[in-house]
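A closer look at the structure
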Amino acid sequence: RTASDSADRTVHVAALPSLQPYIKGSDFVDHVAAALGEHHDSPTPLSVYNEAGEETRLELLWEIPSVGYHETYDRITTVEYGACGVVFLVLGEVHHRRISDCARRGERVDHFLGAARGDRREMLEVKGTDRGSLPALARQARLQFMESPHDLPGFVGAVRFLSAEAVCERVERGEDDT
C-alpha cells in the first residue's frame with residue numbers, strides 16, 4: 001500500500017496558514033518541511049495518536065525549504081518549530097481547533113486555542129525530537145502543561161520526526177498524571 005492508500009486524509013503543509021488563520025502559520029511551513037526532510041521524502045505518512053491510543057494517519061505533502069533555510073536555522077530550532085507546525089496542522093485538520101495566542105514566559109505552555117485572535121479557551125504544549133522517545137516526550141509535555149498557572153483544558157503534542165509519529169492528546173486540568 002502507498003502512503004495515500006493508508007492515509008485517513010492528505011494535508012499539504014502549505015495549508016498551515018489557512019488552517020491556523022490567527023497566527024502567522026507561514027512561518028512554520030519551512031520548519032515542518034526541514035524537520036521531515038531530514039528523514040523522509042514528500043509525501044510523508046504521519047501516524048498521530050490521541051489520548052486513547054487511537055491512530056489517525058495523515059499524508060503530509062511538503063516542498064523543499066526555501067533557499068537559505070539551512071544556513072539560517074540550527075537543527076534544534078528546526079525540530080522545535082517543526083513540531084509546533086505539525087501539531088498546528090493536526091489541531092486544525094483533525095480537531096478543528098485554532099491557535100489564537102502565543103503564551104508568555106512563565107505560562108508553562110506554548111500557545112492558546114480559541115475561537116478568535118487572542119481568545120484563550122484552551123492551552124497547548126508541544127515538544128519535538130528527531131530520535132528520542134515519543135511516549136517520554138508526551139509525558140514531559142503533559143507535566144509541563146499541568147504546571148501552567150492557567151486552569152484551562154487543552155492539548156499536549158509531541159512529534160518524533162525519524163519515525164514520522166505524533167501524539168496529540170486532549171488534557172483536562174486536575175487529571176492525575178500517574
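Scoring rules and cut-offs
Residues numbered from 1 in each chain as written. Predicted model: local features only at pLDDT ≥ 70, side-chain atom pairs only at ≥ 80, totals over all residues. Heavy atoms only, no water. Helix = DSSP H or I, 4+ residues; strand = E, 2+ residues; numbered from the N terminus. Rg over C-alpha atoms; globule rule 2.2 N^0.38 Å. Buried < 20%, exposed > 50% of the residue type's maximum accessible area, 1.4 Å probe, protein only. Contact = heavy atoms within 4.5 Å. Pairing = 2+ DSSP bridges. Axes fitted to C-alpha atoms, helices over the stretch in contact; angles between N-to-C directions. Expected span 1.5 Å × (residues − 1). Polar contact = N/O pair within 3.5 Å; in protein donor to acceptor, adjacent residues only side chain to side chain. Salt bridge = Lys/Arg side-chain N within 4 Å of Asp/Glu carboxyl O.

**A word on the overall build of the protein**
- What the protein contains, in helices and strands, is 6 helices and 8 strands.
- Ordered by position in the sequence, the α and β elements of the protein form the string α-β-α-α-β-β-α-α-β-β-β-α-β-β.
- Rg of the C-alpha trace for the protein: 15 Å, near the compact-globule value of 16 Å for 178 residues, within the 12% margin.
- With the C-alpha coordinates aligned to their principal axes, the bounding extent of the protein is approximately 40 × 35 × 30 Å.
- The buried share of the protein, reckoned over its 178 residues, is 49%.
- Relative to all contacts within the protein whose residues are 6 or more apart in sequence, the contacts with residues 24 or more apart total 61%.

**Some details on the sheet that holds strand 7 (residues 154-160)**
- In spatial order, the strands read 1-3-2-8-7-6-5-4; together these 8 strands make up an open sheet with mixed pairing. At either margin of the open sheet sits one strand with a lone partner, and together these are strand 1 (9-12) and strand 4 (99-102). Geometrically, the sheet is characterised by an average inter-axis angle of 30° between neighbouring strands, direction not taken into account.
- In terms of strand pairing, strand 1 meets strand 3 (residues 55-61) through 4 bridges, oriented parallel. Bridging from a neighbouring strand, Thr 10 pairs with Glu 59 of strand 3.
- Sheet strands in contact with helix 5 (residues 75-93) are strand 1, strand 2 (44-49), strand 3, strand 4, strand 5 (111-113), strand 6 (122-129), strand 7 and strand 8 (165-171), and its direction is about 135° off that of strand 6.
- In the packing of helix 6 (residues 134-146) onto the sheet, the strands contacted are strand 6, strand 7 and strand 8, and the crossing angle to strand 7 comes to about 150°.

**Let's talk about helix 3 (residues 26-37)**
- Compared with the 16 Å implied by 1.5 Å per residue over 12 residues, the 17 Å span of helix 3 between its first and last C-alpha is a close match.
- All of the buried residues in helix 3 are Phe 28, Val 29, His 31, Val 32, Ala 33, Ala 34, Ala 35 and Leu 36.

**A closer look at the side chain of Ser 47**
- The residue Ser 47 is located in strand 2 in this model.
- A distance of 2.6 Å separates polar atoms of two side chains, one belonging to Ser 47 and the other to Glu 55.
- Ser 47 has contacts with Glu 55, Thr 56, Arg 57, Ala 164, Glu 165 and Ala 166, leaving out every residue within four places of it along the chain.

**With respect to the pattern of salt bridges**
- Tallied over the entire structure, the rule returns 15 salt bridges.
- With a closest N to O distance of 3.3 Å, Glu 125 and Lys 127 form a salt bridge.
- The exposure class of Glu 125 is buried, given its relative accessible area of 1%.
- We note a salt bridge from Glu 169 to Arg 142, for which the minimum N-O separation is 4.0 Å. With Glu 169 in strand 8 and Arg 142 in helix 6, this residue pair connects regions lying 27 residues apart in the sequence. Across the pair, exposure class does not vary: Glu 169 and Arg 142 are buried alike.
- Several salt bridges converge on common partners, so that one network encompasses Arg 97, Glu 122, Arg 170 and Glu 172.

**A short note on unusual backbone geometry**
- Between Ser 42 and the following residue, Pro 43, the backbone shows a cis peptide bond with an omega angle of 0°.
- Mapped onto the elements of the fold, Pro 43 is located in the loop between helix 3 and strand 2.
- Positive phi values are uncommon outside glycine, yet Ala 164 reaches one of about 50°.

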